[in-house]
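# Close look at the chain arrangement
Residues per chain, in single letters:
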Amino acid sequence: MTVCNSCRYCEGLCAVFPAMEMRRAFPDGDLNYLANLCHACGACFYDCQFSPPHEFDVNVPRVLAQVRAQSYRAYVWPPAFAGMFERNGLIIAVVAGLCVAAFLVGFVALADPEVLLTTQTGPGAFYRVMPHWIMAALFSAAFVYALVAMAMSLRLFWRHITQPGEPPADLRALWQAIADTGRLRYLGGGGSGCMNEDERPADRRKPYHHLTFYGFLLCFAATVVATLYHFLLGREAPYPWYDIPVVLGTLGGIGLVIGGAGLLAAKERRDPALRDQQRRGMDMAFIVMLLMTGITGLALLVLRATPAMGLLLALHLGMIFGFFITMPYGKFVHGLYRFVALVRYARERRQLATGGG
Ligand code: SF4
Ligand code: SF4
């Protein structure tokens, strides 16, 4: 950062360099802030006259990826779970496998074996396999736990990247950060696109990331609408294909599958020089979890009126449950930290423009 701060050649590429230029020293909090502003597009690596083989060995994307990974550990809640970020791919895979197994065993214990192995149709078909109240209680508890853990982490992160006594974010900064996140403004490498193995910018990560992000939001919206149907209207799942939860869930599932597969392929094409190889497992585990959630959800939709429904429901619910409980301890947090860093950046820029900081 000190070399970059003298050079400033890359200041037009993304938010990292303007934020860096507002500083003269780089304590841990500021480095974590800058690292989480970086979207790893790679543009500054290829533009840099000091990147390898130059003796300065400047590699901003890789160093910031390493700092980012360390920041996930530093702010994790509870701190005793910091080790979850080591060998994260293996841990996530084991947790997902155990969750699927637990749902399978639970179904066998709870449901009449005949129900599990025969075709179930009509309202309440899923709940003949697993009672609704157990499903709702389990997933609510997992989701609330994940929300609390992530809120605690973000609180610590915000404190570390701001000055003591600084007020919470204002609405204009929040709105700017939402707009920048919604269009992945800084994933474009200064406008030309992400760099890949051939050093030519190609904006392929961005559309796949959009599909995954909005696919996830659509699936979440489908769950919210289905919950409202159940508790407010007394309508039980499964719903017909044209009903709102199914339409939202289907579009979301397609987004997760295409986006997830695209991101996996794009990851393989990335220049190894840009990667933090030690965190590759964490990246892959996150994408695979989202991909599997989409695949199992779509398979359940297509085959829900067949004897395979029980098995597919266990697979799908196990994947989602595993995803929920590992959300605070995997790559999911990258979006949250980036969002908070963008809020900070929007406020810093305005303070600078108005002469307030
Ligand atoms: S990455 Fe290289 S070219 Fe860009 S600002 Fe830093 S030192 Fe300069
Ligand atoms: S977002 Fe791209 S240009 Fe900006 S620091 Fe990260 S890799 Fe470099």
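So, here's what we can say about the structure. Every chain is numbered on its own, with residues counted from 1 as its sequence reads. Think of it this way: whatever chain is written first is A, whatever ligand is written first is 1, and the rest follow in order. Side-chain atom pairs in this predicted model are given and counted only at pLDDT of 80 or more, local residue features only at pLDDT of at least 70, and totals for whole chains, interfaces and linings cover all residues. Computation of side-chain values covers all heavy atoms of the structure but excludes hydrogens and water.

### Some points on the overall build of the protein
Per the secondary structure count, the protein includes 14 helices and 0 strands. Helix and strand definitions follow DSSP, with helices as H or I runs of at least four residues and strands as E runs of at least two, each counted in order from the N terminus. Each helix and strand of the protein, placed in order from N terminus to C terminus, yields the pattern α-α-α-α-α-α-α-α-α-α-α-α-α-α. The C-alpha radius of gyration computed for the protein amounts to 22 Å, which stays within 12% of the reference 21 Å derived for 357 residues, consistent with globular compactness. Seen through its C-alpha atoms, the protein measures out along the principal axes to roughly 70 × 45 × 40 Å. Per-residue accessibility, obtained with a 1.4 Å probe over protein chains only, is compared with the maximum for each type, and a residue is labelled buried under 20%, exposed over 50%, and partly exposed between these values. Looking at the protein residue by residue over its 357 residues, the buried ones come to 49%. We call two residues in contact when some of their heavy atoms are within 4.5 Å. Of all intrachain contacts in the protein linking residues separated by at least 6 positions in sequence, the fraction that spans at least 24 positions is 73%. As presented, the protein carries roughly 17100 Å² of accessible surface, and 67% of it is formed by carbon and sulfur atoms. The size measure is the radius of gyration over C-alpha atoms, and the globule rule it meets is 2.2 Å times the number of residues to the 0.38 power. All accessible areas in this document rest on Shrake-Rupley with a 1.4 Å probe, and a residue is counted as covered only by the protein chains that are shown.

### Some points on the site of ligand 2
As a matter of local geometry, ligand 2 sits amid Leu13, Cys14, Val16, Phe17, Cys38, His39, Ala40, Cys41, Gly42, Cys44, Val60 and Pro61. Those elements that place two or more of their residues in the shell around ligand 2 are helix 2 (16-21) and helix 5 (60-74). If even one non-hydrogen atom of a residue comes within 4 Å of a molecule or strand, that residue is called near it.

### Side note on unusual backbone geometry
The peptide bond linking Pro52 to Pro53 adopts the cis configuration, its omega dihedral lying at 15°. Here Pro53 shows up in the loop between helix 4 (43-47) and helix 5. Following Ala237, the chain continues to Pro238 via a peptide bond in cis, the omega torsion being 0°. Within the element layout of this structure, Pro238 appears in the loop between helix 10 (205-233) and helix 11 (244-269). Of note in this structure, Ala40 is not a glycine but carries a positive phi near 60°. The phi torsion at Leu184 lies on the positive side, around 45°, for a residue other than glycine. Mapping Leu184 onto the fold places it in the loop between helix 9 (171-182) and helix 10.

### So, the site of ligand 1
Around ligand 1, the surrounding shell consists of Val3, Cys4, Cys7, Arg8, Tyr9, Cys10, Phe17, Cys44, Cys48, Gln49, Phe50 and Val60. Here the residues of the shell around ligand 1 sort into 10 nonpolar, 1 polar and 1 charged. Ten residues, namely Ala, Val, Leu, Ile, Met, Phe, Trp, Tyr, Cys and Pro, are considered nonpolar, four, namely Asp, Glu, Lys and Arg, are considered charged, and the remaining ones, Gly among them, are considered polar.

### So, the packing of aromatic side chains
In this scheme Phe, Tyr and Trp rings, the latter by its six-membered ring, pair at centre separations within 6.5 Å, and the angle between planes marks the pair as stacked below 30 degrees, edge-to-face above 60, and tilted otherwise. If you walk through the whole model with that rule in mind, you get 24 aromatic pairs. With 6.1 Å between their ring centres and 50° between their planes, Tyr75 and Tyr337 make a pair best called tilted. You can see Tyr75 sitting in the loop between helix 5 and helix 6 (88-110) and its partner Tyr337 sitting in helix 14 (residues 333-353), a full 262 residues away along the chain. We note that Tyr75, like Tyr337, is buried. Geometrically, the ring pair formed by Phe143 and Phe220 is tilted, given 5.6 Å between the ring centres and 40° between the ring planes.

### Here we look at the environment of Cys4
Summarising the element assignment, Cys4 is placed in helix 1 (residues 2-7). Between the C-alpha atoms of Cys4 and Gly330, which are 326 residues apart in sequence, the distance is 30 Å.

### Description of the nonpolar core
Val16, Phe17, Tyr33, Leu37, Val60 and Tyr345 are the most contacted members of the largest nonpolar core, which has 47 residues in total. Secondary-structure elements contributing two or more residues to this core are helix 2, helix 3 (28-37), helix 4, helix 5, helix 8 (132-161), helix 9 and helix 14. Take this core: its biggest share by element is 8 residues, from helix 14. Sequence-distant contacts of Val16, that is, excluding residues within four places in its chain, are made with Leu34, Leu37, Cys38 and Leu64. By nonpolar core is meant a set of buried Ala, Val, Leu, Ile, Met, Phe, Trp, Tyr and Cys residues that side-chain atoms within 4.5 Å join together.

### Side note on the pattern of salt bridges
When a carboxyl oxygen of Asp or Glu lies within 4 Å of a side-chain nitrogen of Lys or Arg, that pair is called a salt bridge. All chains considered together, the criterion is met by 13 salt bridges. We note a salt bridge from Arg73 to Glu86, for which the minimum N-O separation is 2.8 Å. Of this pair, Arg73 sits in helix 5 while Glu86 sits in the loop between helix 5 and helix 6; the two residues are 13 residues apart in sequence, bridging distant segments of the chain. What makes Arg73 partly exposed here is its relative accessible area of 32%. Judged by relative accessible area, which is 34%, Glu86 ranks as partly exposed. The shortest N-O distance in the salt bridge between Arg279 and Asp276 comes to 3.6 Å. As far as burial versus exposure is concerned, Arg279 and Asp276 are alike and both buried. Among the charged side chains, a salt-bridge network with shared partners connects Arg23, Asp30, Arg344 and Glu348.

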